[in-house]
Amino acid sequence: MSTPGKLELTVKIERLPDSVRTIANGWKQFEIDLDGQIVTLTLKPHVYKKLEQAQENYHQWVAKIIGQMGAKTDKGFLLKDCNVTVYSQTQSSPSKLKQKPPDRRDKPKKANSKFVEKYRLYTGETLNLFQIVFRLTQAVFPGVLPWVLVLSSYGFLISVLYSFGIPVSIPEESDAITRAVLIFNIGLPLLLVFRTNTAHEKFWEGRKLWGSLVNTVRNLTRDLWIGVKEETPQDRAQKEYTLRLIVAFAVAMKLHLRGEHVTDELSGLVAETQFFRLKYTNHPPLQIAFWIGDYLQEQHDRDRLNIYQLTSLQKLVDQLVDILGGCERILKTPLPLIYPLILKNLVFVYCLVIPLEIVKEVNWFTSSIITFVSFILLSIEQIGSEIEEPFGRNSCDLPLDIICNTILHNVEDLIALAPHNGSNSRVL
């Protein structure tokens, strides 16, 4: 009696299909010509969106589509249960991409080029300098602009009153206010620096934790892939599923830290029943960590892992949970609320006093000066508020989507490059 199994095929494309049909529930169906064999694929909307995003964001890309061989058709066969992984020219790719020769005429200035390159490495997006500046300032302007406009109007009002001879300026013989302003000039910048440094420490700690997550996932998937013995095709399929379950942990952790519900982003990484269960779980990452640990224990009970391997792998799972707890600590322990509240009030009072001090010297330029000063001080305070919670979707937050995609590509590469002989290679 033959051993049951399944045949998985890998198809690579470098551009969007020419003809795409939308069928039930928004699913996309198209055909690929493989040297005369017509392969018909049907992709979920969010899976097909990966191809559209690659076409939009990258000049050169390769999509690797892995699926099971289905029923035969008149011209070829169906490819079902497809999973798509996209590689851009900036990421490791299973095939060599043709590099576009550089055009010296379009080369930007050196400083701007470095800034644009850093942004691309950080977010994975290729934008020009104007687009980057506009996107970054979007995180600051909404919270700062109303107060800047109020203070600018206040400075203009002081100038108008002073021009009509109303004594709104501070008398020269009064040193009390002048000394108070000098104290503010020294103390307020120190308070703002402390605020920004404290927020940046949390931002940097969050980045280190996510960097540790990437390394832990790589170690766990590599050790699991090599250490767990395979005796049947079902063993291999279950092992591949567990590797994608580790990726699902990172995605679920991202959604959990953002306070978002379980989305279709997880549907391609877990089974349908487990996806439904995650929707009604209070803590999806912990549930996924339990499933991973349960799989490891099951393999030990079936003599697929020895006790030393099991202990090592379980420690890596524990590290995943520890990283999750560290990120939750950052998220749920903000700077004491009284500190930013008092700091913002001090900035506001300082900006109210400054026009009274400078109006007799600059008169109609008072509004311009106070606009500049208030924008700088309030922006620094607002930046501290933004980076203090680094797990959101703002341009100033950590690129969690890029990190999760990196983890997914690492795992898919590990699965694709491993030998498919149904047994583990060992050095004697």
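These numbers were taken from a predicted model, which means no experiment stands behind them.

Overview of the nonpolar core
Argument step 1. Counting 55 residues, the largest nonpolar core has Trp210, Leu213, Met253, Leu266 and Ile288 as the members making the most contacts within it.
Argument step 2. The leading source of residues in this core is helix 6 (residues 233–257), at 12 residues.
Argument step 3. When near neighbours in sequence (up to four residues on either side) are disregarded, tryptophan 210 contacts Ala250, Met253, Lys254, Leu257, Cys327, Phe391, Leu398, Leu400, Ile403 and Cys404.

Thoughts on the environment of leucine 286
Argument step 1. Mapped onto the elements of the fold, leucine 286 is located in helix 8 (residues 284–301).
Argument step 2. Distance in space between the C-alpha atoms of leucine 286 and methionine 253 is 8.8 Å, their sequence separation being 33 residues.
Argument step 3. When near neighbours in sequence (up to four residues on either side) are disregarded, leucine 286 contacts Val321 and Leu324.

Regarding the UniProt feature "transmembrane region" (unreviewed entry) in the protein
Argument step 1. UniProt records the feature "transmembrane region" (unreviewed entry) for residues 144–164 and 176–194 in the present numbering.
Argument step 2. The distance separating the terminal C-alpha atoms of residues 144–164 is 31 Å; by composition the span is 95% helix and 0% strand.

Topic: helix 4 (residues 141–163)
Argument step 1. The terminal C-alpha atoms of helix 4 lie 32 Å apart, and with 23 residues this matches the ideal 33 Å at 1.5 Å per residue to within 8%.
Argument step 2. Turning to helix 4, its buried residues number three or more, namely Val144, Val148, Leu151, Ser152, Gly155, Ile158 and Ser159.
Argument step 3. Note on helix 4: the residue one or two positions beyond its end, glycine 165, has a positive phi of about 85 degrees.

Comments concerning helix 10 (residues 338–362)
Argument step 1. Look at helix 10: 36 Å from first C-alpha to last across 25 residues, which is about the 36 Å you get at 1.5 Å a residue.
Argument step 2. Buried within helix 10 are the following residues: Pro340, Leu343, Val347, Tyr350, Cys351, Ile354, Pro355, Glu357, Ile358 and Val359.
Argument step 3. Phi turns positive one or two residues past the end of helix 10, at asparagine 363, with a value near 50 degrees.

Quick look at the side chain of arginine 258
Argument step 1. Mapped onto the elements of the fold, arginine 258 is located in the loop between helix 6 and helix 7 (272–279).
Argument step 2. A relative accessible area of 15% places arginine 258 in the buried class.
Argument step 3. Only 3.3 Å separates the side chain of arginine 258 from the side chain of aspartate 401, close enough to count as a polar contact.
Argument step 4. Excluding its chain neighbours within four sequence positions, the residues that come into contact with arginine 258 are Phe391, Gly392, Arg393, Leu400 and Asp401.

Here's the deal with the pairing of strand 4 (residues 37–43)
Argument step 1. Buried residues dominate strand 4, accounting for 5 of its 7 residues.
Argument step 2. Note that strand 3 (residues 28–34) and strand 4 share 7 bridges and pair antiparallel. Considered in strand 4, the bridge of phenylalanine 30 is made with leucine 41.
Argument step 3. Hairpin geometry of strand 3 and strand 4 is characterised by an intervening segment of 2 residues between the two adjacent antiparallel strands and by a positive phi of about 55 degrees at aspartate 35.

A closer look at the packing of aromatic side chains
Argument step 1. Within the structure shown, the criterion is met by 5 aromatic pairs.
Argument step 2. When the centroid spacing of 5.2 Å and the interplanar angle of 75 degrees are considered together, the rings of tryptophan 147 and phenylalanine 348 count as edge-to-face. Of this pair, tryptophan 147 sits in helix 4 while phenylalanine 348 sits in helix 10, placing them 201 residues apart in sequence.
Argument step 3. Exposure remark for tryptophan 147: the relative accessible area of 38% places this residue in the partly exposed category.
Argument step 4. Exposure remark for phenylalanine 348: the relative accessible area of 25% places this residue in the partly exposed category.
Argument step 5. Judged by centre distance (6.1 Å) and plane angle (45 degrees), the ring pair of phenylalanine 156 and tryptophan 364 falls under tilted. Of this pair, phenylalanine 156 sits in helix 4 while tryptophan 364 sits in the loop between helix 10 and helix 11 (366–387), and the two are 208 residues apart along the sequence.
Argument step 6. Tryptophan 364 sits in the partly exposed class, given a relative accessible area of 46%.
Argument step 7. Across from the ring centre of tryptophan 225, 4.9 Å away, lies the NZ or CZ of lysine 239, which sits over that ring.

Overview of the side chain of threonine 216
Argument step 1. Considering the arrangement of structural elements, one finds threonine 216 in helix 5 (residues 176–227).
Argument step 2. In this view, threonine 216 contacts Leu316, Gln319, Leu320 and Ile323; residues no more than four positions away in its chain are not counted.

So, how was this worked out
- Residues numbered from 1 in each chain as written.
- Predicted model: local features only at pLDDT ≥ 70, side-chain atom pairs only at ≥ 80, totals over all residues.
- Heavy atoms only, no water.
- Core = buried A, V, L, I, M, F, W, Y, C linked by side-chain atoms within 4.5 Å.
- Buried < 20%, exposed > 50% of the residue type's maximum accessible area, 1.4 Å probe, protein only.
- Helix = DSSP H or I, 4+ residues; strand = E, 2+ residues; numbered from the N terminus.
- Contact = heavy atoms within 4.5 Å.
- UniProt positions renumbered as here; feature names shortened; annotations may be inferred.
- Expected span 1.5 Å × (residues − 1).
- Polar contact = N/O pair within 3.5 Å; in protein donor to acceptor, adjacent residues only side chain to side chain.
- Pairing = 2+ DSSP bridges.
- Phe/Tyr/Trp six-rings, centres within 6.5 Å; stacked < 30°, edge-to-face > 60°.
- Lys NZ or Arg CZ within 6 Å of the ring centre and 35° of its normal.

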